[in-house]
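Below are the chains, spelled out letter by letter.
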Amino acid sequence: YSKGLTAHYLLYRTFMVTPNHYVLIQGVTGALGQILCQWAKHKGATVIGTVSTEEKAALAKQLGCDEVVIYSKPGYVEKILACTNNTGVDVVYDLVGAATHKASLYSLTAYGMLVMVGMASGKVESIDTEILYEKCILATCPRLEVYKMKREELVLSANEVFEALRKKIIAPRIYEYSFDEIPQAHQNISDRVVAGSSIVSFGSYTKKG
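These remarks concern the structure in this document. Bear in mind that the values here come from a model prediction, so they are computed numbers and not experimental data.

Conventions adopted
Residues numbered from 1 in each chain as written. Predicted model: local features only at pLDDT ≥ 70, side-chain atom pairs only at ≥ 80, totals over all residues. Heavy atoms only, no water. Salt bridge = Lys/Arg side-chain N within 4 Å of Asp/Glu carboxyl O. Helix = DSSP H or I, 4+ residues; strand = E, 2+ residues; numbered from the N terminus. Buried < 20%, exposed > 50% of the residue type's maximum accessible area, 1.4 Å probe, protein only. Core = buried A, V, L, I, M, F, W, Y, C linked by side-chain atoms within 4.5 Å. Contact = heavy atoms within 4.5 Å.

1. Considering the pattern of salt bridges
Thinking step 1. Taken as a whole, this structure holds seven salt bridges when the rule is applied.
Thinking step 2. Measuring nitrogen to oxygen at the nearest pair gives 2.7 Å for the salt bridge that ties arginine 166 to glutamate 163. Of this pair, arginine 166 and glutamate 163 are both found in helix α8 (residues 151-166), three residues apart, which corresponds to roughly one turn of the helix.
Thinking step 3. In this structure arginine 166 comes out as exposed when scored by relative accessible area, which is 58%.
Thinking step 4. In this structure, glutamate 163 engages lysine 167 in a salt bridge whose closest nitrogen and oxygen atoms are separated by 3.4 Å.
Thinking step 5. Among the residues examined, glutamate 163 registers a relative accessible area of 31% and is labelled partly exposed.
Thinking step 6. Beyond isolated ion pairs, a larger network of salt bridges with shared partners links Arg13, Lys148 and Glu153.

2. Things to note about the nonpolar core
Thinking step 1. Counting 35 residues, the largest nonpolar core has Ile25, Leu36, Trp39 and Tyr93 as the members making the most contacts within it.
Thinking step 2. Elements supplying a minimum of two residues to this core: α1 (2-14), β1 (22-26), α2 (31-42), β2 (46-51), α3 (54-63), β4 (89-94), β5 (108-116) and α8.
Thinking step 3. Take this core: its biggest share by element is six residues, from α2.
Thinking step 4. Setting aside chain neighbours within four positions, we find isoleucine 25 in contact with Gly33, Leu36, Cys37, Val47, Ile48, Gly49, Thr50, Tyr93 and Leu95.
Thinking step 5. Core analysis: the second largest hydrophobic core is formed by 19 residues, Tyr76, Leu114, Leu132 and Ile137 among them.

Here you go:
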């Protein structure tokens, strides 16, 4: 639910995505990235998704990405730019963080926006302001608590998220674990082998001993 609300404000408030935009999602197969991809495609944007492995690239295509680039391979910024006829993307939703934020900046067009919303690879310690200055790039670190602090905004967004779910505009992938499998869930998340949201079903707890 929180990821749906986050995707909503990222696409409708932080940067109003339209059919004319190139959208880059760094780490597109994560729980939030999947929702962003599906919703951005519904809005008519051209979506470029980045992933860390070939296996995740196949999933990214299933999600609807127009182009998929593996960010663990050299020269991936050039590949992203080639997808835009070398003009650059209009907005980057960076869900990876330290490992990708510099590439995100170089992938943007003039007046583009870098939206830093994830730290899967670690926190971004600093940003090169020369790159911002060169292309008049905007950079922001939005938070759900701020965007939805007003009750009316929260209710409006929640209604639109549930409507998107009802219409299957977004279809989150859910990994369910039993109470006994919590250590394995933590390990899978740490190893980044899951591609979606993980939940624990306490009803399936099996008492041992």
